[in-house]
Amino acid sequence: MIVKSAEFICSNTQISKLPPPEKPEYAFIGRSNVGKSSLINMLTSKKGLAKTSQTPGKTQLINHFYINEEWYLVDLPGYGYARISKSKKEDWDKFIRTYLDKRESLQCVLVLIDSRLEPQKIDLAFCNWLGEKGLSFVLVFTKADKQSGLKTEQNVAKFKEALSETFEEVPQCFITSSENKLGKDEVLGFIDSVNKTFVKNW
């Protein structure tokens, strides 16, 4: 897939104000500071599309981007950022989980994992929640350029092993780098293949 157009549509904290669920959607989510904005900008070839920041937890809204006038890329708030009030964190969690669980046009959740780290409890817990809800997801390992390929492979293998304790089949994995565009064709190719099977059924 070649991304010819990518435009920001809206930011929201209310499910009722999201775009009509008539096009396939792909939600991007991960721990704060996992490199989500950089990855989105790399995939769309638009440097400033998603706002990058040195401050974790910058994305506090559901952001919809319309790609090739065919599908939505949805930028979700990062999880696991501690420097907000507990009540606000609970509000975010409820809001995000309601979106993920109820959004009719959501095709797949792309869970971003920092490839430099050993399996993190918070990432595993989120994947298990998606599994319990029966939501389709894939794993996108980020920042692969920051270390050797061998180290990345080892951490990916450890994460898959940890997930295999609760999943019969571990989801598809992609290894990416926003710096050198590693994984770009693979992730976009995956989205393209799912788009071909999209049927609006409501």
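Residues numbered from 1 in each chain as written. Predicted model: local features only at pLDDT ≥ 70, side-chain atom pairs only at ≥ 80, totals over all residues. Heavy atoms only, no water.

**Student:** Sorry, what's going on with the sheet that holds strand 5 (residues 106–114) here?
**Tutor:** By definition, the strands of a sheet pair up through backbone hydrogen bonds, in either a parallel or an antiparallel sense. Strands sit in the order 1-3-4-2-5-6-7 across an open sheet of seven strands; the sheet is mixed. Both outer strands of the open sheet, strand 1 (6–12) and strand 7 (173–175), are each paired with one neighbouring strand and no more. With strand direction ignored, the average angle separating the axes of adjacent strands in the sheet is 25°. Two elements, strand 5 and strand 6 (residues 137–142), share six bridges in a ladder whose sense is parallel. For Leu110, the partnering residue across the bridge sits in strand 6 and is Val138. Where helix 3 (residues 121–132) meets the sheet, it contacts strand 2 (25–30), strand 5 and strand 6, and its direction lies at approximately 165° from that of strand 5. (Pairing = 2+ DSSP bridges. Helix = DSSP H or I, 4+ residues; strand = E, 2+ residues; numbered from the N terminus. Axes fitted to C-alpha atoms, helices over the stretch in contact; angles between N-to-C directions. Contact = heavy atoms within 4.5 Å.)

**Student:** Would you mind showing me how to read the packing of aromatic side chains here?
**Tutor:** Evaluation of the coordinates by the stated rule reveals eight aromatic pairs. Ring centres 5.5 Å apart and planes at 90° place the aromatic pair Tyr26 and Trp71 in the edge-to-face group. Of the two residues, Tyr26 is situated in strand 2 and Trp71 in strand 4 (residues 71–75); the sequence distance between them amounts to 45 residues. Just as Tyr26 is buried, Trp71 falls in that class too. Between Phe126 and Trp129, the aromatic rings sit 6.2 Å apart at their centres with planes inclined by 20°, giving stacked as the arrangement. Of this pair, Phe126 and Trp129 both sit in helix 3, three residues apart, roughly one helical turn. An aromatic cluster of at least three residues, connected via ring pairs, comprises Tyr79, Phe126 and Trp129. (Phe/Tyr/Trp six-rings, centres within 6.5 Å; stacked < 30°, edge-to-face > 60°. Buried < 20%, exposed > 50% of the residue type's maximum accessible area, 1.4 Å probe, protein only.)

**Student:** Can you walk me through the side chain of Thr142 in this structure?
**Tutor:** Structurally, Thr142 is set in strand 6. Given a relative accessible area of 2%, Thr142 falls into the buried group. A distance of 2.8 Å separates a polar atom in the side chain of Thr142 from the backbone oxygen of Val34. Discounting residues that sit within four places of it in the chain, Thr142 has contacts with Val34, Leu112, Ile113, Asp114, Ser115 and Thr176. (Polar contact = N/O pair within 3.5 Å; in protein donor to acceptor, adjacent residues only side chain to side chain.)

**Student:** Help me out: how do you make sense of the environment of Gly189 in this one?
**Tutor:** Positionally, Gly189 belongs in helix 5 (residues 184–195). Given the relative accessible area of 30%, Gly189 is considered partly exposed. Sequence spacing of Gly189 and Thr98 is 91 residues, and the spatial spacing of their C-alpha atoms is 28 Å.

**Student:** Honestly, the nonpolar core in this entry has me stumped. Any pointers?
**Tutor:** Here is a general trend for soluble globular proteins: nonpolar side chains tend to be buried in one another's company. Judged by nonpolar contacts, the single largest core of 31 residues is most densely connected at Leu76, Tyr99, Leu100, Val111, Leu130 and Leu139. Contributing elements (two or more residues each) for this core: strand 2, strand 3 (62–67), strand 4, helix 2 (86–102), strand 5, helix 3, strand 6 and helix 4 (149–163). By size, the runner-up hydrophobic cluster in this structure holds 26 residues, among which are Ile40, Cys108, Val138 and Phe174. (Core = buried A, V, L, I, M, F, W, Y, C linked by side-chain atoms within 4.5 Å.)

**Student:** So what exactly am I meant to see when it comes to helix 5 here?
**Tutor:** Along an α-helix, a turn takes 3.6 residues, which lines up residues three or four apart on a common side. Relative to the 16 Å expected for 12 residues at 1.5 Å per residue, helix 5 spans 17 Å between its end C-alpha atoms, a close match to the ideal helical length. By the burial criterion, the buried members of helix 5 are Lys184, Val187, Leu188, Phe190, Ile191, Val194 and Asn195. An end-on view of helix 5 places all buried positions within 150° of arc, on one side of the element. (Expected span 1.5 Å × (residues − 1). Arc of directions from axis to C-beta.)

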